[in-house]
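# Residue-level structural notes
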There are 2 protein chains.
Amino acid sequence: MAKTSITNGRGRVVIDRMRPCVDGGRFPIKRTVGETVAVDADVFADGHDVIRCVLLHRNSAAESWSEVPMRPAPNDLWQASFAVEEVGRHLYTVTAWVDRFFTWRHDLGRRTDRADIALALRIGAELALETAKRTKGATAARLRQFADALGKADPEQGKAIGADPEFGDLMAQHAERRFAVTHAQVLEVVVDRVRGRYSTWYEMFPRSCVPEGGSHGTFAEAEKRLPYIASMGFDVLYLPPIHPIGTTFRKGRNNALVAKPGEPGSPWAIGAPEGGHKAIHPELGGLTEFRHFVAAAKEHGMEIALDIAFQCAPDHPYVAEHPSWFRWRPDGTVQYAENPPKKYQDIYPFDFESDDWEALWQELKSIFTYWIAQGVNIFRVDNPHTKPFPMWEWLIGEVKREHPGTIFLAEAFTRPKIMHRLAKLGYTQSYTYFAWRNTKHELTEYFTELAHSESREYFRPNAWPNTPDILTEFLQYGGRPAAMLRVALAATLAASYGIYGPAYELIENVPRDPGSEEFRDSEKYQVRQWDLGRADSLARYIGRLNEIRRENVALQSDWSLRFHHVDNEAIICYSKSNEDLSNIVLVVANLDPHHTQSGWVTLSLPGLVLDHDKPFQVHDLLSEARYLWHGPRNFVMLDPATSPVHVFRLRRKVRTEHDFDYFL
Amino acid sequence: MAKTSITNGRGRVVIDRMRPCVDGGRFPIKRTVGETVAVDADVFADGHDVIRCVLLHRNSAAESWSEVPMRPAPNDLWQASFAVEEVGRHLYTVTAWVDRFFTWRHDLGRRTDRADIALALRIGAELALETAKRTKGATAARLRQFADALGKADPEQGKAIGADPEFGDLMAQHAERRFAVTHAQVLEVVVDRVRGRYSTWYEMFPRSCVPEGGSHGTFAEAEKRLPYIASMGFDVLYLPPIHPIGTTFRKGRNNALVAKPGEPGSPWAIGAPEGGHKAIHPELGGLTEFRHFVAAAKEHGMEIALDIAFQCAPDHPYVAEHPSWFRWRPDGTVQYAENPPKKYQDIYPFDFESDDWEALWQELKSIFTYWIAQGVNIFRVDNPHTKPFPMWEWLIGEVKREHPGTIFLAEAFTRPKIMHRLAKLGYTQSYTYFAWRNTKHELTEYFTELAHSESREYFRPNAWPNTPDILTEFLQYGGRPAAMLRVALAATLAASYGIYGPAYELIENVPRDPGSEEFRDSEKYQVRQWDLGRADSLARYIGRLNEIRRENVALQSDWSLRFHHVDNEAIICYSKSNEDLSNIVLVVANLDPHHTQSGWVTLSLPGLVLDHDKPFQVHDLLSEARYLWHGPRNFVMLDPATSPVHVFRLRRKVRTEHDFDYFL
């Protein structure tokens, strides 16, 4: 007789839709140290037998699985969770089986016929003895005692033994799992350090930290800027490329096609005779100065993030050393970047279809490991969507295998599926469309997607109100209120956010041309010196926002975000909370930078666990004002000229209004 | 230097979320002959190069793929479709590549600088020559001509050649696909014959076709019933088990624990000394009579469907011949079916955890192939959810590999995920919860799920208003209007439906006990003789419904279902249509079997492609009444005592009201 090709035909349990799971297990989910993975699976078997179900998980380096019993929920759903405590890759899957003992116990409890019970007790004794054979010592002895007792028991005694918790525990611990089914997939979770989830970025051009009497900044001078940046509460200080800048086709001020003598060029035109991606622009200092700067930043609680842009100025040493990494044209020149009719002759892209692609990949990877060796563990990658996707999966995988704490931020402002792909492939964080989401509808829809759609398992947003390339229309026209509003939204909507400063705190908002999102006199093409002490600087305001983020864990993760109704389209209201709801932050913002707006907020109180009929206090952590609110509907009014945003902490211990300062 | 483990690092295209796809490709989708598979995939590459994308499909037995170019839609979606014309398994996948020629052509069209264009023409000539090398004869010669022409052209001429459609077609046909990426998965579609999608079932106990003077029906007598059943328009005649019935613990009338002498027992207590699942109950006739009956049914346009119930009466020959297929108890008896404290001593379930499980599976499979050899190609499987899921996947797969036209109907009235699993594993059709969905909300929600959720790719509903086990409360209390309503809903909501007759058309609706869904004097336990000529029979009504189904292709598939608003919760309105909208059926039903109900229907006219401001005719195919409707809002009133349902055909050629019969 022909054999079936089924190896485990007696594996009667089905384990379906194990989740969280990205693209059928093709990609890992993401967590940070200390977070949990709550696993759901649809598990069932034929017939009415009792099944048992166990979540298996382990560090990818560990040899054996840890087990967590799964609990059944309605509709054949089983659930369990585990915490991830180490940076690296962890694995999880589910195993389940039809449990003959627990089926027997369940049926025994419902039997009423004495002859049936007597026969069932004999079967129970057999099950206990079989289990005893698979165990040793005290356990085996105890199981044999239960078998004996079942054999001698009358129906009432027998039913009591069947229900004995100790007996059940022993049988559970040593269950017959011969026909157990383990899900065909082992799923992965990439565990990052906490900064992968919660980080506060400040982007700065070090060349604008100009020493007295100089014309170009240095790392030594930039070190003096560190206390200022740290005082604002940032923990990642991100530098545009620090490498030698090409001179061929160098761009001048305001992106002029030809630089004038002495103009510094764009840091993204990487490579000159002094070196390429592993070299430092000599005017900034040398490697010693850079390492000193990294160490000094660390002392101020900040990590340095470097910008990695895989492109070359025509002067980059790679061009001569590795001509096969570029595309050559019939006239013997290298193909520069272009988007006809536009030309970017100062930039040579790599030819990733080169026959020498593997050497190219290895070299590009070595750029990361080189800077990791210099103490850098965070990288903002420039335009990753113009480099092959398979390379990123390989490169990030390799780097994180060796240095699992490395954080990669994808600077891809492009179509949604491409941004999602990069996140799936391994990017720790991703830039978002936040800069262009201004209305209540836009913000609500977008951040609901980020916080609650399946993409949250792999896509960690990093919200930026501005960048050196993005001066939005809203910031151009909204003035100081717009700048206050947008940074407060970024800081409270997203656990990771960043600003490009000092342009941001100094409310630099003049575009190069009308309708352009480029800054006039952009630091991309020239050295800028900033008057940090200006009276209108937002430095203290931003510092307070970041302090509030540090003091309120609710703001340090993204998934608890919930929007609340306001009867005015110009006012947005949302809350974030931690798991036990001991920390609840409620943000109310006037999205109109020009006019005072007021309205009635309707809180979804059940989610916030507040009594409908009791007053509670909301404490504005920005203004220190405290208000007594009552029930779900409360009045708000915000004047953008003074403070466009309330960042309330909800106090559930209710005092009467007489306790408040303003009542005295 | 260490090699990467990436084999195609230059495959720059990403093909993501190819669909339709069930559980990440673990299970096939389903179609019937003549239907199409519309394939979507998210396809994109790094950068801005032009990509091309092709759908590959083939019969699983074919050696080579057919290709269909995919068309781009917004947001990186690519689409194409193919028709399936043969019963069996078909395969599909997607391949895509960055196309250097079309990128070149796109850029050329936008170039303005004469020197740039001149250089681009040289590159284009190179691309044409490379392609010529990969081709032969006239194609190669023509491509060389294009290359020559590009080499000699001035910028204007060159741009014209670049845009030449013949040049483009040749380059497209012979595209460089060296770095093409093909999706990692090849997805499957199981193609059934049309009856897999559109079928009309009538269930009948042949033993109740009693010859004059006899006490037990025969196949010969049942043959005489065929014209009656065919006149009602059924195309599947389904028989409960036709095998010898056990005598040990045989059940009596109305499920009495002990049968009286002469009582026939339940046909689902399969097996006696005369034989088991491959034998015929002697009182019905022999194999010759059965085959004659099958052939006679075929002449009436009907296929016979058999009931396959994998369980044994204690007298079944398997018990003695294959004791290892049953579970034995310590007292030397076989474990009968039970759900303590209930016992079903007349039924022995198979022990699918038997060491001899493979032989058991093979034997059970051979039951299907035995009956296929007797001319039966449709099987209704009894309680498939109490047998192991892996067996069904293997068994149905094997049977359909040999006999791809076989249709399996899963009689699983159980939890939703289990019903879905059986459908995924291979069941052609599935019983549904229709019998218990009575209100507008329930029907709308459930049939929207069936017609529009992803489950429609594998779960084909077969709606039954009654079965020998299911006499719903609604039918018990609703009388004739309820019976008319429920069969009309089944016949128009579902492309496949069935009734258990003659109980249905004779409005048999008395339960065994109050609150029970069992019939009093159920045919499950006794022979019943029916007065088919009764004046109140619904036979003609049902016949007309089935005729309407045959004449309106809109009713022969499920996916076009759309519900329309009615301002009365007691009235439901829905439409079905074919793809080109040449056939549109609109059903309006009064769900209240006791009272006349009226209301205003609001049609979603855009979906029905009717002008808002023009009158149109609705023609009730049941009553032959015609109404002139105007715009989306129209009045309806239905008296359940006369006709609870309108089955309208929409006539888009509008006559004036003077053309209508009732106006003369």
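Here, every reference points to the structure presented above.
Residues numbered from 1 in each chain as written. Chains lettered and ligands numbered in written order. Predicted model: local features only at pLDDT ≥ 70, side-chain atom pairs only at ≥ 80, totals over all residues. Heavy atoms only, no water.

Of the regular secondary structure elements, chain A holds 15 helices and 30 strands. Considering only C-alpha atoms, chain A reaches an extent of 105 × 75 × 45 Å along its principal axes. In chain A, which comprises 664 residues, the share counted as buried stands at 59%. The contacts in chain A between residues at least 6 apart in sequence include a share of 75% that link residues at least 24 apart. Carbon and sulfur atoms form 51% of the exposed surface of chain A, whose accessible area is close to 26,600 Å². (Helix = DSSP H or I, 4+ residues; strand = E, 2+ residues; numbered from the N terminus. Buried < 20%, exposed > 50% of the residue type's maximum accessible area, 1.4 Å probe, protein only. Contact = heavy atoms within 4.5 Å. Areas by Shrake-Rupley, 256 points an atom, 1.4 Å probe, with all protein chains shown as cover.)

The subject of this paragraph is the environment of Glu223(A). All names here are of chain A. One can find glutamate 223 in helix H6 (residues 219–231). Once the C-alpha coordinates of glutamate 223 and proline 206 are considered, the two residues, 17 residues apart in sequence, prove to be 9.3 Å apart. Leave out the neighbours within four places in its chain, and glutamate 223 touches His292, Phe293 and Ala296.

A word on the relation of the copies chain A and chain B. Superposing chain A onto chain B takes a rotation of 180° combined with a translation of 0.0 Å along the rotation axis, leaving an RMSD of 0.1 Å. Such a combination of turn and shift is consistent with a two-fold rotation axis. Minimal C-alpha separation from the rotation axis in chain A is found for Gly24(A), amounting to 2.7 Å. A high fraction, 100%, of the interface residues of chain A reappear at the interface in chain B, so the copies pair face to face through one surface. (Least-squares fit on C-alpha atoms with pLDDT ≥ 70 in both.)

Residues and elements named next belong to chain A. Read across the open sheet, the eight strands follow the order E28-E27-E30-E25-E24-E23-E26-E29; overall the sheet is antiparallel. Taken across any chain shown, the strands that pair with only one partner, and hence form the sheet edges, are strand E28 (626–630) and strand E29 (633–638). Pairs of neighbouring strands in the sheet enclose a mean axial angle of 35°, with direction left out of account. In terms of strand pairing, strand E23 (residues 562–566) meets strand E24 (residues 571–577) through three bridges, oriented antiparallel. Among the inter-strand pairings, histidine 564 is bridged to a residue of E24, identified as cysteine 573. (Pairing = 2+ DSSP bridges. Axes fitted to C-alpha atoms, helices over the stretch in contact; angles between N-to-C directions.)

It is worth spelling out unusual backbone geometry at this point. Leave glycine aside and you will find that most residues have negative phi; peptide bonds, for their part, are mostly trans. Along the chain, Pro340(A) connects to Pro341(A) via a cis peptide bond; the corresponding omega equals 5°. Inspection of the secondary structure assignment puts Pro341(A) in the loop between strand E15 (337–339) and strand E16 (342–344). For Glu624(B), which is not a glycine, the phi torsion comes out positive at approximately 70°. Checked against the element boundaries, Glu624(B) lands in the loop between strand E25 (615–620) and strand E26 (626–630).

This part is about empty space enclosed by the protein. All names here are of chain A. Under the definition given, this model contains seven cavities of 30 Å³ or more. Size it by volume and the largest cavity reaches roughly 90 Å³. Phe205, Pro206, Arg207, His216, Pro240, Pro241, Ile242, His243, Ile245, Pro267, His281 and Leu284 together form the lining of the largest cavity. Residues belonging to the lining of the largest cavity are distributed by class as follows: eight nonpolar, three polar and one charged. (1 Å grid on protein atoms, 1.4 Å probe; cavity = no way out; pocket = protein on both sides within 12 Å on 5 of 7 lines; lining within 4 Å. Points joined across faces, edges and corners; volume = space filled by probe spheres on them. Nonpolar A, V, L, I, M, F, W, Y, C, P; charged D, E, K, R; others polar.)

Residues and elements named next belong to chain B. As for its placement among the helices and strands, glycine 246 is situated in the loop between strand E12 (236–239) and helix H7 (287–299). Given the relative accessible area of 2%, glycine 246 is considered buried. Along the sequence, glycine 246 and alanine 269 sit 23 residues apart, while their C-alpha atoms lie 5.7 Å from each other. Dropping the residues within four chain positions of it, glycine 246 is found in contact with Ala269, Gly271, Ala272, Ala313 and Asp315.

On to the interface of chain A and chain B, then. Every contact between the two is made by 67 residues of chain A and, on the other side, 67 residues of chain B. Of the roughly 6,300 Å² buried between chain A and chain B on both sides combined, carbon and sulfur atoms contribute 52%. The shortest N-O distance in the salt bridge between Lys343(B) and Asp113(A) comes to 3.4 Å. Looking at the side of chain A that touches chain B, the elements with two or more residues in it are strand E1 (13–19), strand E3 (36–45), helix H1 (100–110), helix H2 (114–133), E15, helix H9 (357–373), helix H10 (389–402) and helix H11 (416–425) of chain A. (Buried area = accessible area lost by both parts, 1.4 Å probe. Salt bridge = Lys/Arg side-chain N within 4 Å of Asp/Glu carboxyl O.)

Next up on the list: the sheet that holds strand E17 (residues 407–411) of chain B. All names here are of chain B. If you walk around this closed barrel you meet the eight strands as E11-E12-E13-E16-E17-E18-E19-E20, and the pairing is parallel. On average, adjacent strands in this sheet sit at an angle of 25° to one another, irrespective of strand direction. Docked against the sheet, H7 engages E12 and strand E13 (303–308), running at close to 130° with respect to E13.

Where charged atoms from two side chains of opposite charge approach closely, those side chains can pair. Summed over all chains, the structure comprises 102 salt bridges over all chains. For Lys251(B), the salt bridge identified is with Asp346(B), shortest N-O distance 3.5 Å. Pair noted here: Lys251(B) is in the loop between E12 and H7 and Asp346(B) is in the loop between strand E15 (342–344) and helix H9 (357–373), with a separation of 95 residues, a long-range link. Side by side, Lys251(B) and Asp346(B) carry an identical accessibility label, which is buried. Between Glu518(B) and Lys524(B) there is a salt bridge, with its nearest N and O atoms 3.0 Å apart. We note that Glu518(B), like Lys524(B), is buried. Because the salt bridges share partners, they merge into one network encompassing Arg12(A), Asp46(A), Asp49(A), Arg100(A), Arg327(B), Asp351(B) and Glu353(B).

With that settled, consider the pairing of E24(A). Residue and element names in this part refer to chain A. In terms of residue burial, E24 counts as a mostly covered element, since seven of its seven residues are buried. Neither face of E24 is exposed, since Ile571, Cys573, Ser575 and Ser577 on one face and Ile572, Tyr574 and Lys576 on the opposite face are all buried. What sits between E23 and E24 in their antiparallel hairpin is a turn of four residues. Relative to strand E25 (residues 584–590), E24 is paired through seven bridges, and the arrangement is antiparallel. Following the sheet pairing, lysine 576 is matched in E25 by valine 585. Linking two consecutive strands that pair antiparallel, namely E24 and E25, is a turn of six residues; a positive phi of about 60° is found at leucine 581 within it.

A few words now on the packing of aromatic side chains. Residue and element names in this part refer to chain B. Under the criterion given, the structure shown has 86 aromatic pairs over all chains. With centroids separated by 6.2 Å and ring planes inclined at 35°, the aromatic side chains of phenylalanine 379 and phenylalanine 408 adopt a geometry described as tilted. With phenylalanine 379 in strand E16 (residues 378–382) and phenylalanine 408 in strand E17, this residue pair connects regions lying 29 residues apart in the sequence. Judged by relative accessible area, phenylalanine 379 falls into the buried class, the value being 0%. (Phe/Tyr/Trp six-rings, centres within 6.5 Å; stacked < 30°, edge-to-face > 60°.)

Right, let's get into the packing of helix H10 (residues 389–402) of chain B against helix H11 (residues 416–425) of chain B. All names here are of chain B. At a minimum axis separation of 9 Å, H10 and H11 run at an interaxial angle of 25°. Here H11 runs roughly parallel to H10, going by the angle between their axes. Once H10 is placed against H11, the crossing between them reads as right-handed. On H11, the residues touching Phe389, Trp392 and Glu393 of H10 are Ile418, Arg421, Leu422 and Leu425. Partitioned by chemical class, the residues of the contact of H10 with H11 number five nonpolar, no polar and two charged. (Parallel < 35°, antiparallel > 145°, perpendicular 65-115°, else oblique. Left-handed = near helix turned anticlockwise from the far one by under 90°.)

Residues and elements named next belong to chain A. Position of arginine 207 relative to the elements: it lies in the loop between strand E11 (199–203) and H6. We note that arginine 207 is buried and unpaired, the nearest opposite charge coming from glutamate 523 at a distance of 6.7 Å. At 2.8 Å, the side chain of arginine 207 and the backbone oxygen of glycine 265 are in polar contact. Setting aside anything within four residues of it in sequence, one finds arginine 207 in contact with His216, Gly217, Ile245, Pro264, Gly265, Pro267, Leu284, Glu523, Lys524, Tyr525, Gln526 and Val527. (Lys, Arg positive; Asp, Glu negative; His and termini not counted. Polar contact = N/O pair within 3.5 Å; in protein donor to acceptor, adjacent residues only side chain to side chain.)

Attention now moves to the packing of H9(A) against H10(A). All names here are of chain A. H10 packs onto H9 with a crossing angle of 35° between their chain directions and a minimal axis gap of 10 Å. Here H9 and H10 pass one another in a crossing that is right-handed. Contact with H9, carried on its side by Trp361, Gln362, Leu364, Lys365, Phe368, Thr369 and Ile372, involves Pro390, Met391, Trp392, Trp394, Leu395, Glu398, Val399 and Glu402 of H10 and no other residues of that element. Per-class residue counts for the contact of H9 with H10 are ten nonpolar, two polar and three charged.

Bringing a nonpolar patch on the surface into the picture now. A cluster of nonpolar side chains, contributed by Trp600(A), Phe635(A) and Met637(A), occupies part of the molecular surface with about 310 Å² of accessible area. For Phe635(A), a relative accessible area of 42% puts it in the partly exposed group. (Patch = residues over 30% accessible without salt bridge, like charges linked within 9 Å, V, L, I, M, F, W, Y side chains within 5 Å.)

Looking now at the pairing of strand E1 (residues 13–19) of chain B. All names here are of chain B. With five of its seven residues buried, E1 lies for the most part within the structure. Relative to strand E3 (residues 36–45), E1 is paired through five bridges, and the arrangement is antiparallel. Across the sheet, residue isoleucine 15 finds its bridge partner in E3, namely valine 43.

It is worth spelling out helix H12 (residues 440–452) of chain B at this point. Residues and elements named next belong to chain B. In this model H12 runs 17 Å from its N-terminal to its C-terminal C-alpha over 13 residues, within 8% of the 18 Å that 1.5 Å per residue would give. All buried positions along H12 are accounted for by Lys440, Leu443, Tyr446, Phe447, Leu450 and Ala451. Taken down its axis, H12 places every buried residue within 150° of arc, on the same side. Across H12 from its buried face, at more than 90 degrees, point the exposed residues His441 and Glu445. (Expected span 1.5 Å × (residues − 1). Arc of directions from axis to C-beta.)

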